[in-house]
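# Coordinate analysis (summary)
In case you want the letters, here they are:
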2 protein chains.
Amino acid sequence: MSDLPQYLESVAKTIDRMIDRHFVDKAGELNKASAHLLAAGGKRLRPAVVMLAADAVKPGSSDELLPAALALEVTHTFTLIHDDIMDGDNLRRGVPTVHVKWDMPTGILAGDVLYARAFEHICTVSAKDDAKVRAISLLAKACADICEGQHMDMSFEHRNDVDQYEYMEMVRKKTGVLYAAAAGIGAVLAGGTAVQVKALYQFGLNTGIAFQIQDDLIDLLTPSEKSGKDQASDLREGKQTLIMIKAREKGLDLSKYRRELSPADINAAIKELTDSGVIDEVKKIASDLVADSNRHLSVLAPSKERQLLMDVGEYFVTRSY
Amino acid sequence: MSDLPQYLESVAKTIDRMIDRHFVDKAGELNKASAHLLAAGGKRLRPAVVMLAADAVKPGSSDELLPAALALEVTHTFTLIHDDIMDGDNLRRGVPTVHVKWDMPTGILAGDVLYARAFEHICTVSAKDDAKVRAISLLAKACADICEGQHMDMSFEHRNDVDQYEYMEMVRKKTGVLYAAAAGIGAVLAGGTAVQVKALYQFGLNTGIAFQIQDDLIDLLTPSEKSGKDQASDLREGKQTLIMIKAREKGLDLSKYRRELSPADINAAIKELTDSGVIDEVKKIASDLVADSNRHLSVLAPSKERQLLMDVGEYFVTRSY
């Protein structure tokens with residue numbers, strides 16, 4: 001049995017405490033709006049990847065790098081706040097989104113404040129200055145890529161001919177690069193060699209893409225009671241996911257599911273996609289990505305943390321919510 | 001006659017070329033949206049302050065720091081793009097604003113991309129790594145402050161009892177800190193001492209605040225033909241400017257001007273505010289700030305660049321558009 005759940009829980013507690021100290025306990029309405037989603041929970045997976053990457057490169061180094069781990073969670077949250085405005089979403093993590101609880105301008109500013117705080121926190125890490133500059137550069141590049149990924153994702157809404165290549169490029173930017181940056185930043189701040197940093201960056205990129213593909217599978221396969229989300233919403237909205245793209249390649253017509261779906265409808269869709277082999281193919285793409293990311297980790301000496309990183313990849317593609 | 005106009009023109013040309021290379025010539029719709037306002041002109045005052053501060057600390061150092069000068073202009077432009085969404089403004093620098101030419105989500109993302117690029121560019125400067133980390137930290141802190149300043153400014157819209165202290169705090173954050181960061185970043189990257197960096201930061205802060213106060217005066221006093229803006233729009237909208245606050249202190253009722261204003265109405269308002277001494281008092285606050293910022297510069301050896309910095313302050317409070 002892996003130690004991963006316990007490890008993730010311990011990182012989450014540490015990050016939660018930092019969030020309380022640096023965000024929740026601050027006065028002022030804009031600070032409250034900035035802290036709102038950050039304090040609403042979350043698995044703190046990106047901070048865990050920062051810390052595991054650091055310890056895998058240099059055992060015991062992660063304690064010094066907590067502000068960088070926090071910076072990754074803060075960056076992730078800023079993108080969620082802005083995405084929620086763009087997508088018009090009302091609920092996230094069981095709480096009203098920032099622009100709904102406050103208003104659109106406050107939502108934009110709350111995200112912008114977190115954006116700044118991410119860079120402020122990463123500047124405070126105890127590490128060599130050249131490593132800090134490289135880490136900051138990685139984070140900035142990831143932020144620009146995430147914007148492009150979100151822009152691609154929105155442009156897909158008006159299309160029904162997105163191919164696998166475009167989908168993978170969108171997911172690479174929207175989700176992959178921030179996991180890549182998390183692992184790369186942990187490695188670079190811990191004093192990793194160029195080879196180690198690159199390997200961990202690639203590990204993060206692949207597992208991040210696999211994470212998103214699994215998210216698409218969960219949307220279809222996991223009942224709402226378990227996921228807390230609306231089951232099969234992607235299907236109903238005709239979203240260009242890998243499932244949709246693979247189905248189209250096989251000549252399946254999923255447009256009939258672009259309407260309110262009963263549990264029986266959803267089961268019919270799942271059966272159709274399973275029987276045609278779409279589900280298995282999509283699962284295989286995700287697990288191949290994780291297998292490939294594990295190969296990248298072979299440049300690292302065996303360690304508890306290297307194993308935990310592999311467990312993270314495995315967890316990303318086996319979780320059902 | 002000061003060399004300042006010629007100097008500013010030369011910096012603007014250099015920055016314009018960098019903008020063409022790094023932003024305008026990039027493919028993709030989101031890059032086009034990000035480049036739109038950046039390429040629409042502008043005086044490039046913040047880059048000039050970065051470079052003058054650097055050269056005032058270490059002659060000839062500014063050539064190496066062009067990416068940092070660019071980063072300040074990019075940061076300023078990101079804030080304008082997001083402000084235009086929040087304020088619902090349709091025109092800026094004679095072109096449609098980003099969210100109008102594209103849409104609101106693209107406006108948010110275009111600003112977010114520039115935000116990232118600012119940090120990316122400052123990371124590429126040729127300077128000592130510890131100086132780069134301090135410069136990045138200054139920029140990040142400025143970004144967070146600007147958000148708070150904009151939030152305060154928006155909150156003033158629902159009030160008619162803003163006092164001078166609150167106004168100055170808002171302007172300090174919304175406009176002052178980015179000039180402060182510009183001067184501080186130039187100084188720190190050029191290898192300035194702690195005393196020099198602090199002095200230049202304070203110089204930038206005071207002149208930045210004075211710049212905004214002068215903007216309020218221009219809104220009232222400069223005819224539209226000259227300013228390219230709608231004359232007396234602050235008065236019409238009941239905006240809490242220093243002019244409004246000083247008038248209230250003197251018992252003047254400006255609420256009668258919260259309506260469509262004819263040229264005769266505007267002249268009447270100007271006469272009332274001039275006769276009561278409001279205009280002179282506001283002008284004095286701005287020029288006192290500039291005088292104070294010049295005192296900060298006395299820690300620097302006399303140089304052409306130190307004089308040009310003083311000329312910048314003088315220009316900020318004497319310009320009529």
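## Points about the overall build of chain A
Within chain A, the secondary structure is distributed over 15 helices and two strands. Its C-alpha atoms give chain A a radius of gyration of 20 Å, within 12% of the compact-globule value 20 Å for 321 residues. Taking the principal axes of its C-alpha atoms as reference, chain A extends roughly 55 × 50 × 35 Å. Residue burial in chain A is summarised as follows: out of 321 residues, 59% are buried. By sequence separation, contacts in chain A at least 24 residues apart represent 72% of the contacts at least 6 residues apart. Working note: accessible area of chain A is about 12,900 Å², and carbon and sulfur atoms make up 51% of it. If the 39 positive side-chain charges of chain A are averaged to one point and the 47 negative ones to another, these points end up 3 Å apart.

## Focus: the interface of chain A and chain B
Chain A puts 35 residues into the contact, and the matching count from chain B is 35 residues. A per-residue breakdown of the area chain A buries against chain B is headed by Leu109, Val133 and His151 of chain A, which together make up 16% of the total. Our enumeration of links across chain A and chain B arrives at two salt bridges. For Glu148 of chain B, the salt bridge identified is with Arg117 of chain A, shortest N-O distance 3.4 Å. The tally of links from chain A across to chain B stands at eight residue pairs in polar contact (both at pLDDT 80 or more). Elements that contribute at least two residues to the side of chain A that touches chain B include exactly α2 (29-38), α4 (66-87), α6 (104-123) and α7 (129-156) of chain A. Sort the elements by how many residues they give to the side of chain A that touches chain B and α7 of chain A lands first, with 15 residues. Counted by class, the side of chain A that touches chain B contains 20 nonpolar, six polar and nine charged residues.

## A look at the confidence of the model for chain A
Here chain A averages 96 in pLDDT, while 100% of its residues score no lower than 70. This complex was scored by the predictor with a pTM of 0.96 and an ipTM of 0.95.

## Examining helix α3 (residues 45-57) of chain A
Helix length check: α3 of chain A, at 13 residues, gives a terminal C-alpha distance of 18 Å against a target of 18 Å (1.5 Å per residue), a fit within 8%. Extensive coverage of α3 of chain A is indicated by the burial of 13 of its 13 residues.

## With respect to the nonpolar core
One finds Ile213 of chain A together with Ile213 of chain B to be the most contacted residues of the largest nonpolar core, which totals 239 residues. Filtering out sequence-adjacent residues up to four positions away, Ile213 of chain B remains in contact with Tyr167, Met168, Leu242, Val282, Ile285, Ala286 and Leu289 of chain B.

## Some details on the relation of the copies chain A and chain B
After a rotation of 180 degrees and a shift along the axis of 0.0 Å, chain A superposes on chain B with an RMSD of 0.0 Å. The relationship between the two copies is best expressed as a two-fold rotation axis. Residue Asp129 of chain A, judged by its C-alpha, is the member of chain A lying nearest the rotation axis, at 2.7 Å. Looking at the interface residues of chain A, 100% of them are also at the interface in chain B, so both copies use one shared face.

## Observations concerning the packing of aromatic side chains
Residues and elements named next belong to chain B. Per the counting criterion, the structure on display carries 14 aromatic pairs over all chains. For the pair Tyr179 and Phe211, a centre-to-centre distance of 5.5 Å together with 50 degrees between the ring planes defines the contact as tilted. Placement of the pair is Tyr179 in helix α8 (residues 164-189) and Phe211 in helix α9 (residues 194-221), with a sequence separation of 32 residues. Judged by relative accessible area, Tyr179 falls into the buried class, the value being 1%. With 5.2 Å between their ring centres and 65 degrees between their planes, Tyr179 and Phe316 make a pair best called edge-to-face.

## Quick notes on the pattern of salt bridges
Applying the stated rule across the entire model yields 48 salt bridges over all chains. In this structure, the salt-bridge partner of Asp288 of chain A is Lys284 of chain A, at a minimum N-O distance of 2.7 Å. In this pair, Asp288 of chain A and Lys284 of chain A both sit in helix α14 (residues 278-296), four residues apart, roughly one turn of the helix. Linking Asp275 of chain B and Lys271 of chain B is a salt bridge whose minimum nitrogen-to-oxygen distance equals 2.5 Å. Of the two residues, Asp275 of chain B and Lys271 of chain B are both situated in helix α13 (residues 263-275); the distance of four residues between them amounts to about one turn of the helix. Accessibility classification places Asp275 of chain B together with Lys271 of chain B in one group, the exposed group.

## Overview of a negative patch on the surface
Taken together, the side chains of Asp87, Asp89, Glu157 and Glu237 of chain A present a region of like negative charge at the surface. Look at Glu237 of chain A and you get partly exposed, because its relative accessible area is 49%.

## As for the environment of Lys101 of chain A
Residue and element names in this part refer to chain A. Relative to the helices and strands, Lys101 is located in helix α5 (residues 98-101). Note on Lys101: relative accessible area 47%, which makes it partly exposed. For the pair Lys101 and Glu260, spaced 159 residues apart in sequence, the C-alpha separation works out to 27 Å. Contact partners of Lys101, with chain neighbours within four places excluded, come to His36 and Pro96.

## Focus on the state of the cysteines
Where two cysteines share a covalent bond between their sulfur atoms, that bond is called a disulfide. For the structure shown, the criterion picks out zero disulfides over all chains. Cysteine Cys123 of chain A remains unbridged, with the sulfur of Cys123 of chain B as its closest cysteine sulfur at 8.5 Å. Among the residues examined, Cys123 of chain A registers a relative accessible area of 7% and is labelled buried.

## A closer look at α7 of chain A
Across its 28 residues, α7 of chain A extends 41 Å between first and last C-alpha, which sits within 8% of the 40 Å expected from 1.5 Å per residue. Counting buried positions over the 28 residues of α7 of chain A gives 20, a clear majority of the element.

## Overview of the side chain of His36 of chain B
All names here are of chain B. For His36, the position within the fold is in helix α2 (residues 29-38). Looking at His36, the relative accessible area reads 15%, which means it is buried. Among all residues touching His36, those that are not within four sequence positions of it are Val95, Pro96, Val98, Lys101 and Trp102.

## Overview of the packing of α9 of chain B against helix α14 (residues 278-296) of chain B
Residue and element names in this part refer to chain B. At a minimum axis distance of 8 Å, the contact between α9 and α14 shows a crossing angle of 160 degrees. When the interaxial angle is binned, α9 and α14 end up roughly antiparallel. The chirality of how α9 crosses α14 is left-handed. In this structure, α9 uses Ala199, Gln202, Phe203, Asn206, Thr207, Ile209, Ala210, Ile213, Leu217, Leu220 and Leu221 to contact α14, whose residues at the interface are Ile279, Val282, Lys283, Ile285, Ala286, Leu289, Val290, Asp292, Ser293, Asn294 and His296. Split into classes, the residues belonging to the contact of α9 with α14 amount to 14 nonpolar, six polar and two charged.

## A word on the packing of helix α4 (residues 66-87) of chain B against helix α7 (residues 129-156) of chain B
Residue and element names in this part refer to chain B. Where α4 meets α7, the axes come as close as 12 Å, and the angle between the chain directions of the two elements is 25 degrees. Here α4 lies roughly parallel to α7, going by the angle between them. Of the two possible hands of crossing, α4 and α7 adopt the one that is right-handed. When α4 is examined against α7, the residues Leu72, Thr75, Phe78, Thr79, Asp83, Met86 and Asp87 are found in contact with a partner set consisting of Leu139, Cys143, Ile146, Gln150 and Met154. Looking at the contact of α4 with α7, its residues break down into seven nonpolar, three polar and two charged.

Rules used in this analysis
Residues numbered from 1 in each chain as written. Chains lettered and ligands numbered in written order. Predicted model: local features only at pLDDT ≥ 70, side-chain atom pairs only at ≥ 80, totals over all residues. Heavy atoms only, no water. Helix = DSSP H or I, 4+ residues; strand = E, 2+ residues; numbered from the N terminus. Rg over C-alpha atoms; globule rule 2.2 N^0.38 Å. Buried < 20%, exposed > 50% of the residue type's maximum accessible area, 1.4 Å probe, protein only. Contact = heavy atoms within 4.5 Å. Areas by Shrake-Rupley, 256 points an atom, 1.4 Å probe, with all protein chains shown as cover. Lys, Arg positive; Asp, Glu negative; His and termini not counted. Charge placed at Lys NZ, Arg CZ, Asp CG, Glu CD. Buried area = accessible area lost by both parts, 1.4 Å probe. Salt bridge = Lys/Arg side-chain N within 4 Å of Asp/Glu carboxyl O. Polar contact = N/O pair within 3.5 Å; in protein donor to acceptor, adjacent residues only side chain to side chain. Nonpolar A, V, L, I, M, F, W, Y, C, P; charged D, E, K, R; others polar. pLDDT = per-residue confidence, 0-100. Expected span 1.5 Å × (residues − 1). Core = buried A, V, L, I, M, F, W, Y, C linked by side-chain atoms within 4.5 Å. Least-squares fit on C-alpha atoms with pLDDT ≥ 70 in both. Phe/Tyr/Trp six-rings, centres within 6.5 Å; stacked < 30°, edge-to-face > 60°. Patch = residues over 30% accessible without salt bridge, like charges linked within 9 Å, V, L, I, M, F, W, Y side chains within 5 Å. Disulfide = S-S within 2.5 Å. Axes fitted to C-alpha atoms, helices over the stretch in contact; angles between N-to-C directions. Parallel < 35°, antiparallel > 145°, perpendicular 65-115°, else oblique. Left-handed = near helix turned anticlockwise from the far one by under 90°.

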